[in-house]
Structures are given as C-alpha cells and as structure tokens.
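Given next are the chains, with one letter for each unit.
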Amino acid sequence: MLSPVVLTIVISALAFATPREIAFSRLLPVAPAIAAAMWPVIPTILLGAFCLLVMIGLSLVYSDLGTPYTAAAIAAVTLAAAYTSRVRLQREETLFQIRLVADAAQQVLLRPLPRRVQDVEIESLYLAAQEQARIGGDFYEVADTPYGVRLLIGDVRGKGLSAVGAASAVINCFRENAYDQPDLRGIIHRLENSIGRYSVAMLDPDQPEHFATALIAEIQYGGGQVKILNCGHPPPLLMRRGEIRVLEPTVPSPPLNLAALLGDDYNIDTVAFASGDQLLLYTDGVTETRDRAGTFFPLPEWIGQLGPVAPRELLDRLHRDLLHYSGGRLDDDIAAVAVRCGHPGVRQGPA
C-alpha cells in the first residue's frame, strides 16, 4: 500500500541528487498511476499534487528540465488515475456484493454439516475447481432421521458453476425424502425422478442431459452397521484399527438419470461399523487429482500411511496434500465427508 509513496520519494531523491541530463523527474507520473491500483480517489489525487510540487521544486534548482511538459504529464496521469481508482472501487464493491450472494447461495445449497449427530462424528471438505467459485457440481448432505444418520455424496456431470443447478435439485430432493422414505431405494428413486425432471426442464444444447453419481449411507443408531447404496460413485474407504478397506459394491447400481438405459436395479450393501471405525466418502475429484507426471492421487495408500487420525485432521491433511500433489491447481471439484462412529447411544429422536 505504501509503494507509491516509496516510489515518489526514490524518484524525487534521484532527481535532486543526479545530474539534470539523466532527468529522473520524468518518472514522477508513474507514482499516481500505480496508486490508482490500490488507493482511493482522494489519496491518489493528493499524491499527484505532491508529485507536481516536487517537479516545481526541481525547476527552481534546474531551469531546463522541461518542467511544463512533465507537469502536464503529471496532471494528466493524476486525473486518469483518479478516474481509474473510482472505477476500480465501484467494481470491487460490485464484486463484494456478488460474493455475498454466492456465500448465501452456498449456505442454502451446500450448508455446513453438523459436527456430530447422535454417536456419529462428521466432518466435511469442499473445494471448487472453477477459480473464484465457492460451489460446483459436487455435493453432500447429512440427515438425522428416524432410520439413522443418512449421508449423501455425489457428483453431477460437468464441473464448476454449470453443474450447480443439477446438484441443487438432487440435494433438495434428498432433504425432503431422507426423513420419509424407510428404504434407501425409495430415496434413490426420488432422486432419479428429480434430476430427470431438471434435465428436461433445463435442456442445454451444450449439455443435452444431466446425470450424477451418488452414494447414500445409512448409519443405524446403536446397530453397529452401515448400509450403502452406491450409484456409480467412487467406493468409500473404511478405516478400522489401522486397516483400510475399499467398499466396492457387490452389484453395481446405475448413476442417477441413467436408470432408463441401465435399469433401475439398486443394490444395498451392509457393512459392520463399530465404535472407532471411520468412513471416508469422496468424489472422483480426489482420486483423479494428478501430479506433473499425470499419476493419479493414490488415496488408499495415502490413508494407509497416514495412520489413525480424527476426521477433521484427516480432511485437513487431505486438503493440503491434494494441493501439494497437484501443484496448487485443481482440475475438478472435490468433496469429501469423513465420519467416525463413537460409543453407541440411545436414539432420542431427530435433532
């Protein structure tokens, strides 16, 4: 923020200390031009006025510096810098308002998950691939239902802001039906219908249809098990006493909005989930992150080397290591949810 002042002082000192043939004074218009990029209008004008006074002072020492021309340049650049500063501030204010709207939209679409539901500890991670975006085509949600803790994670075809609408349709449908449908298949059928209606209503020539991979997990209260319905989504990882298990579905289920082509036979797998066990749900943006050599991120091996950690620490390290592995740039949206089973408790009713 002080660089325009420092530059003015340096140029003025050189102009007074060096022979007039070098004419450092001709660089004085640069200072208000730089100030326009970071200062408000009034300070920018004041800096230009100071530069003009410096030039007048130099003319008293050196009479043939071409003072009228340099002074005219300072005045012209200062006026242009003041206008540029005003336009910049207006755009910054507009951008700030847009970010407020984006934050509100994110709170509605991808609201923060509860840190704990009954005896289940929950943490989440979300990284949008599109620069400056906070939301994208990946999504997750948690519901404290009469049937247990139900978790949804999924990935809409495409990435960034173009996939937000389809993700919103799936999330809102899950929020309505997770509490009413006694069976996970009933929820998936509703999600299938929701994204199908959205795809028809929002037909885009560049993207003729929308589909999404999705995974629903149901952790029963005090039951010691988790039910998983995986619709074409990357398999979750189960961490139990230092061992890593990839929970591949025994029978594949079709992604959302592809049941008409692949059939609507949805399979539910049941896996033991005891106290201390941890489950990592994630989207393909995690496993498809590449290094400079084009090698995919080795998620199971990475977790195996990590050792036992709490869900929050697990996702924080995953975030850091993914950025380091990819060189700081992500090519796809990333979502991950880590859940850990605590000591079994007595079900008291939805929170």
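Some thoughts on the sheet that holds strand E8 (residues 243–246)
And then number 1: What the six strands build is an open sheet, ordered E1-E2-E11-E10-E7-E8; its pairing is antiparallel. Looking at the sheet topology across the chains shown, the edges are occupied by strand E1 (116–117) and E8.
And then number 2: One ladder, built from two bridges, connects E1 with strand E2 (residues 120–127); its direction is antiparallel. Note on E2: the bridge partner recorded for arginine 116 is glutamate 121.

A closer look at the sheet that holds strand E5 (residues 212–219)
And then number 1: The strand order E3-E4-E5-E6-E9 describes an open sheet built from five strands, whose pairing is antiparallel. Since the sheet does not close on itself, it has two edges, and those belong to strand E3 (138–145) and strand E9 (268–272), each with one partner. Within this sheet the neighbouring strands show an average axis-to-axis angle of 15°, counted without direction.
And then number 2: As defined by bridge partners, strand E6 (residues 225–231) adjoins E9 across five bridges and the pair is classed as antiparallel. Residue pairing for E9: lysine 227 is matched across the bridge by threonine 270.
And then number 3: Sheet contacts for helix H5 (residues 164–177): E3, strand E4 (148–156) and E5; angle to E3, the most-contacted strand, approximately 5°.
And then number 4: Docked against the sheet, helix H6 (residues 184–201) engages E4, E5, E6 and E9, running at close to 155° with respect to E5.

Some details on the side chain of aspartate 277
And then number 1: Mapping aspartate 277 onto the fold places it in the loop between E9 and strand E10 (278–282).
And then number 2: Residue classification places aspartate 277 among the buried residues on the basis of a relative accessible area of 2%.
And then number 3: A polar atom in the side chain of aspartate 277 sits 2.9 Å from the side chain of arginine 240.

Remarks on a nonpolar patch on the surface
And then number 1: Among the surface-exposed residues, Met1, Leu2, Val5, Val6, Ile9, Val10 and Leu14 lie close enough to one another that they form a single nonpolar patch of about 640 Å² accessible area.
And then number 2: Structurally, valine 6 can be placed in helix H1 (residues 3–17).
And then number 3: Classification of valine 6 as partly exposed rests on a relative accessible area of 47%.

Some details on the packing of helix H9 (residues 299–306) against helix H10 (residues 311–325)
And then number 1: Running from N to C, H9 and H10 cross one another at 125°; their axes reach a closest spacing of 12 Å. Judged by the inter-axis angle, H9 sits oblique to H10. Between H9 and H10 lies a crossing of right-handed hand. Residues Leu299, Trp302 and Leu306 of H9 touch H10, and the partners they reach there are Leu314, Arg317, Leu318 and Asp321.
And then number 2: Among the residues making up the contact of H9 with H10, the classes are represented as five nonpolar, no polar and two charged.

Calculation notes
Residues numbered from 1 in each chain as written. Predicted model: local features only at pLDDT ≥ 70, side-chain atom pairs only at ≥ 80, totals over all residues. Heavy atoms only, no water. Pairing = 2+ DSSP bridges. Helix = DSSP H or I, 4+ residues; strand = E, 2+ residues; numbered from the N terminus. Axes fitted to C-alpha atoms, helices over the stretch in contact; angles between N-to-C directions. Contact = heavy atoms within 4.5 Å. Buried < 20%, exposed > 50% of the residue type's maximum accessible area, 1.4 Å probe, protein only. Polar contact = N/O pair within 3.5 Å; in protein donor to acceptor, adjacent residues only side chain to side chain. Patch = residues over 30% accessible without salt bridge, like charges linked within 9 Å, V, L, I, M, F, W, Y side chains within 5 Å. Areas by Shrake-Rupley, 256 points an atom, 1.4 Å probe, with all protein chains shown as cover. Salt bridge = Lys/Arg side-chain N within 4 Å of Asp/Glu carboxyl O. Parallel < 35°, antiparallel > 145°, perpendicular 65-115°, else oblique. Left-handed = near helix turned anticlockwise from the far one by under 90°. Nonpolar A, V, L, I, M, F, W, Y, C, P; charged D, E, K, R; others polar.

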